[in-house]
Amino acid sequence: MKRHTPAALAFAISLAAATTLMAQAPSVDVDAVTNTPALRVQQAGGVQFVNGGAGEQERAAMKSLQSEFPLQIAFSGQGGEYGVADEVRVRGDKGPVMAVSKAGPLLMVKVPPGRYTVEADFNGKTQRRTVNASGHVVHWSSPLVSSN
């Protein structure tokens, strides 16, 4: 019977661990059917939302979910470039609904259709708008938007 040295045993264990890690799913989810990034539906204040859309594939994936999210906001600068808000807060008739940091360039929120007040912070300044959650994209164009 062969005797294994401690170094050989440690190498074998490390190799087995590395093989297991490499066999795990990639850190970015990819839809097996469309080969596009799979979006993660997140929650804030008990409200579901999807945030992102920086790349074409991600925007296309978000577009496929639009019918499920009545409040949709696209942030852009005055020149049309996509941007990100430092924080976005949504209020309904009964008070705060949700808040999310680093929102955009597209933010889709699953709320009942209706009117909402949305506050968006850009570079330390707050803008407020009343919007309708109706399934149509609200285009939020502002000179304060930065493309971080």
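Coordinates for the structure precede this section.
To keep things clear, this report deals only with the structure shown in the data block. (Residues numbered from 1 in each chain as written. Predicted model: local features only at pLDDT ≥ 70, side-chain atom pairs only at ≥ 80, totals over all residues. Heavy atoms only, no water.)

### Digging into the sheet that holds strand β6 (residues 106-109)
Then comes step 1: Taken in spatial order, the 5 strands make up an open sheet running β1-β2-β6-β3-β9, and their pairing is mixed. In this open sheet, the two strands that pair with only one neighbour each are β1 (42-44) and β9 (137-141). Between one strand and the next, the sheet's axes are offset by a mean angle of 30 degrees, whatever the strand orientation.
Then comes step 2: Relative to β9, strand β3 (residues 71-76) runs parallel, the two sharing 5 bridges. Opposite F75, over in β9, you have W140 as the bridge partner.
Then comes step 3: Packed on one face of the sheet, helix α2 (residues 56-63) meets β2 (47-52) and β6 and runs near 155 degrees to β2. (Pairing = 2+ DSSP bridges. Helix = DSSP H or I, 4+ residues; strand = E, 2+ residues; numbered from the N terminus. Axes fitted to C-alpha atoms, helices over the stretch in contact; angles between N-to-C directions. Contact = heavy atoms within 4.5 Å.)

### Some words on the layout of surface pockets
Then comes step 1: Empty space within the largest pocket amounts to approximately 210 Å³.
Then comes step 2: Lining the largest pocket are 14 residues, and of these Q66, A74, Y82, L106 and V137 lie nearest its centre.
Then comes step 3: Mapped onto the lining of the largest pocket, the elements with two or more residues apiece are α2, β3, β6 and β9.
Then comes step 4: The element contributing the most residues to the lining of the largest pocket is β3, with 4 residues.
Then comes step 5: Tallied by class, residues from the lining of the largest pocket come to 8 nonpolar, 4 polar and 2 charged. (1 Å grid on protein atoms, 1.4 Å probe; cavity = no way out; pocket = protein on both sides within 12 Å on 5 of 7 lines; lining within 4 Å. Points joined across faces, edges and corners; volume = space filled by probe spheres on them. Nonpolar A, V, L, I, M, F, W, Y, C, P; charged D, E, K, R; others polar.)

### Concerning the sheet that holds strand β8 (residues 125-133)
Then comes step 1: The strand order β5-β4-β7-β8 describes an open sheet built from 4 strands, whose pairing is antiparallel. Strands at the two margins of the open sheet, each flanked by one partner only, are β5 (95-103) and β8. Pairwise comparison of adjacent strand axes, ignoring direction, gives a mean angle of 20 degrees for this sheet.

### Description of the pattern of salt bridges
Then comes step 1: Enumeration over the complete set of coordinates arrives at 6 salt bridges.
Then comes step 2: A salt bridge links D86 to K102, with the nearest nitrogen and oxygen atoms 3.7 Å apart. Of this pair, D86 sits in strand β4 (residues 85-92) while K102 sits in strand β5, and the two are 16 residues apart along the sequence.
Then comes step 3: Between D121 and R89 there is a salt bridge, and its shortest N-O distance comes to 2.9 Å. (Salt bridge = Lys/Arg side-chain N within 4 Å of Asp/Glu carboxyl O.)

### A closer look at the packing of aromatic side chains
Then comes step 1: As enumerated under the stated definition, the model contains 3 aromatic pairs in all.
Then comes step 2: Look at F75 and F122: their rings are 5.8 Å apart centre to centre, the planes differ by 70 degrees, and that puts the pair in the edge-to-face class. Linking F75 in strand β3 with F122 in strand β7 (residues 114-122), this pair joins segments that are 47 residues apart in sequence. Here F75 and F122 have matching classes, each one buried. (Phe/Tyr/Trp six-rings, centres within 6.5 Å; stacked < 30°, edge-to-face > 60°. Buried < 20%, exposed > 50% of the residue type's maximum accessible area, 1.4 Å probe, protein only.)

### Thoughts on the side chain of N51
Then comes step 1: Note that N51 resides in strand β2.
Then comes step 2: At a separation of 2.8 Å, a polar atom in the side chain of N51 contacts the main-chain carbonyl oxygen of K102.
Then comes step 3: Within the structure, N51 has its side chain in polar contact with the backbone nitrogen of G104 (distance 2.6 Å).
Then comes step 4: Setting aside residues no more than four positions away along its own chain, N51 makes contact with Q42, M62, S101, K102, A103, G104, L106 and L107. (Polar contact = N/O pair within 3.5 Å; in protein donor to acceptor, adjacent residues only side chain to side chain.)

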